[in-house]
Amino acid sequence: MFTGIIQAIGQIEAVTPFDGGVRLTIDAGDLDLSNVGLGDSIAHNGACMTVVEQIPSGKYLIDVSNESLRCTAGLDAVGPVNLEKAMRLGDMLGGHLVSGHVDGVGLVRSFDSVGDNRELIILAPASLAKYLAVKGSVVVNGVSLTTNWIRDVIDGCEFSINLIPHTLSVTTLGAIEPDQRVNLEIDLIARYVERMVSLESKS
């Protein structure tokens, strides 16, 4: 489990294809790896991946399967990546409960200045529309955020997020651009509520 509070901006330094996916070399940046070992989980742009090898100088390797590549964005090329280690019992829950399982890929519609802040508008797939609510939680590239408004459209569901300067400076969202694809995870509680309601309607 994760919280959606980014701990460091890392760098995908190399992408090495193998039969079934790619192996990524990650420079962890300022992420503390002192308590990270082989097999531990780290979220990369919101996608939970397993450390398969540690190498010197604050770097490690992860394997990303073709299925994960199909369901995510930003894990197939060199570039910056949001990092968060799995939470431990007793850790502060600063964001919200995040599973590290990407539910869909959204498309950035616009990213405009609003004073010192930025308004980010994202188009989510229609399949995720029922899980999005005004002032609800959503994860964008691993970052726990709150929606301002929701608008259902023909090709999905648009939602708006307000990003403060701090969030822009400590995550990769500060460099986001229109038409960029982003990883989305809907609220964990909404997922289970939908399941319970659907079962009750069949009984």
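- Per an unreviewed UniProt entry, the protein goes by Riboflavin synthase and derives from Deefgea salmonis.
- UniProt, in its Catalytic activity (unreviewed entry) section for the protein, records the words "2 6,7-dimethyl-8-(1-D-ribityl)lumazine + H(+) = 5-amino-6-(D-ribitylamino)uracil + riboflavin".
- Checking UniProt for the protein, the heading Pathway (unreviewed entry) contains the comment "Cofactor biosynthesis; riboflavin biosynthesis; riboflavin from 2-hydroxy-3-oxobutyl phosphate and 5-amino-6-(D-ribitylamino)uracil: step 2/2."

**Some points on the UniProt feature "repeat: Lumazine-binding" (unreviewed entry) in the protein**
Piece 1. Mapped onto the present numbering, the UniProt feature "repeat: Lumazine-binding" (unreviewed entry) falls on residues 1-96 and 97-197.
Piece 2. Structurally, residues 97-197 is divided into 16% helix and 48% strand, and its ends, taken at the C-alpha atoms, are 21 Å apart.

**Let's talk about the sheet that holds strand 5 (residues 59-65)**
Piece 1. Judged by pairing direction, the barrel is antiparallel, and its six strands sit side by side in the order 1-2-5-4-3-6 before closing back on the first. Taking the axes of each pair of neighbouring strands and ignoring which way they run, one obtains an average angle of 45° across the sheet.
Piece 2. With seven bridges connecting them, strand 2 (residues 21-27) and strand 5 associate as antiparallel partners. Opposite arginine 23, over in strand 5, you have aspartate 63 as the bridge partner.

**Some points on the pattern of salt bridges**
Piece 1. Tallied over the entire structure, the rule returns seven salt bridges.
Piece 2. With a closest N to O distance of 2.7 Å, arginine 70 and glutamate 67 form a salt bridge. One end of the pair is arginine 70 and the other is glutamate 67, both in helix 1 (residues 66-71) and three residues apart, which spans about a single turn.
Piece 3. Here the salt bridges share partners, and the residues they tie into one network are Arg109, Arg151, Asp155 and Glu158.

**Let's talk about the sheet that holds strand 10 (residues 143-153)**
Whenever strands of a sheet pair, they do so through backbone hydrogen bonds, lying parallel or antiparallel.
Piece 1. Taken in spatial order, the six strands line up as 7-8-11-10-9-12 and close into a barrel, and their pairing is antiparallel. Direction aside, neighbouring strands of the sheet carry axes that sit 45° apart on average.
Piece 2. With four bridges joining them, strand 7 (residues 104-114) and strand 12 (residues 181-186) adopt antiparallel strand pairing. Its bridge partner being in strand 12, glycine 104 is matched across the sheet by leucine 184.

**Quick word on the state of the cysteines**
Piece 1. With the rule as written, the count across this model stands at zero disulfides.
Piece 2. Sulfur of cysteine 48: no disulfide; nearest cysteine sulfur belongs to cysteine 71 and is 14 Å away.

**So, the side chain of glutamate 158**
Piece 1. If you trace the backbone, glutamate 158 turns up in strand 11 (residues 156-163).
Piece 2. Residue classification places glutamate 158 among the buried positions, given a relative accessible area of 10%.
Piece 3. Within the structure, the side chain of glutamate 158 is placed 2.9 Å from the side chain of arginine 109, a separation counted as a polar contact.
Piece 4. At 2.7 Å, the side chain of glutamate 158 forms a polar contact with the side chain of arginine 151.

**Re the environment of asparagine 117**
Piece 1. Topologically, asparagine 117 is positioned in strand 8 (residues 117-124).
Piece 2. Since its relative accessible area comes to 21%, asparagine 117 is described here as partly exposed.
Piece 3. If we skip the residues at most four places from it in the chain, asparagine 117 touches Asp112, Asn162, Leu163, Ile164 and Pro165.

**Things to note about the side chain of aspartate 187**
Piece 1. Looking at where aspartate 187 falls in the secondary structure, it is placed in the loop between strand 12 and helix 3 (188-202).
Piece 2. Exposure remark for aspartate 187: the relative accessible area of 17% places this residue in the buried category.
Piece 3. Those residues in contact with aspartate 187, other than ones at most four positions away along the chain, are His96 and Ser137.

**Some details on the nonpolar core**
Piece 1. Membership of the largest hydrophobic core comes to 24 residues, with the highest contact counts inside it found for Leu120, Val140, Phe159, Ile161, Leu163 and Leu184.
Piece 2. Elements represented by at least two residues in this core include exactly strand 7, strand 8, strand 9 (137-140), strand 10, strand 11 and strand 12.
Piece 3. When residues no more than four places from it in sequence are discounted, the contact partners of leucine 184 are Val102, Asp103, Gly104, Val105, Gly106, Ile122, Ala124, Pro125, Leu128, Val139, Val140 and Phe159.
Piece 4. Core analysis: the next-biggest nonpolar cluster, separate from the first, contains 20 residues, Leu33, Ile62, Leu75 and Leu83 among them.

Calculation rules
Counting restarts for each chain, with residues numbered from 1 along the sequence as it is written. Residues qualify for local features only when their pLDDT is at least 70, as the model is predicted, and side-chain atom pairs are given and counted only at 80 or more; totals for whole chains, interfaces and linings, by contrast, use all residues. Only hydrogens and water are removed before side-chain values are computed, so all heavy atoms of the structure are retained for them. UniProt positions are given in the numbering used here, feature names are shortened, and annotations may be inferred rather than shown by experiment. Working definition: helices are DSSP H or I runs of at least four residues, strands are E runs of at least two. Numbering for both runs from the N terminus. Strands pair, by our definition, only if DSSP identifies at least two bridges between them. Note on geometry: axes are lines fitted to C-alpha atoms, helical ones only across the stretch in contact, with angles between N-to-C directions running from 0 to 180 degrees. Within this document, salt bridges are pairs made up of a side-chain nitrogen of Lys or Arg and a carboxyl oxygen of Asp or Glu, the two lying within 4 Å of each other. The disulfide criterion is simple: two cysteine sulfur atoms within 2.5 Å. Exposure is judged per residue with a 1.4 Å probe applied to protein chains only, and the accessible area is read against the type maximum: over 50% gives exposed, under 20% gives buried, and values in between give partly exposed. Here a polar contact means two N or O atoms within 3.5 Å. Within protein one must be a hydrogen donor candidate and the other an acceptor candidate, and residues neighboring in sequence count only if both atoms are side-chain atoms. For this analysis, residues touch if any pair of their heavy atoms sits within 4.5 Å. Take the buried Ala, Val, Leu, Ile, Met, Phe, Trp, Tyr and Cys residues and link them wherever side-chain atoms come within 4.5 Å; each set so joined is a nonpolar core.

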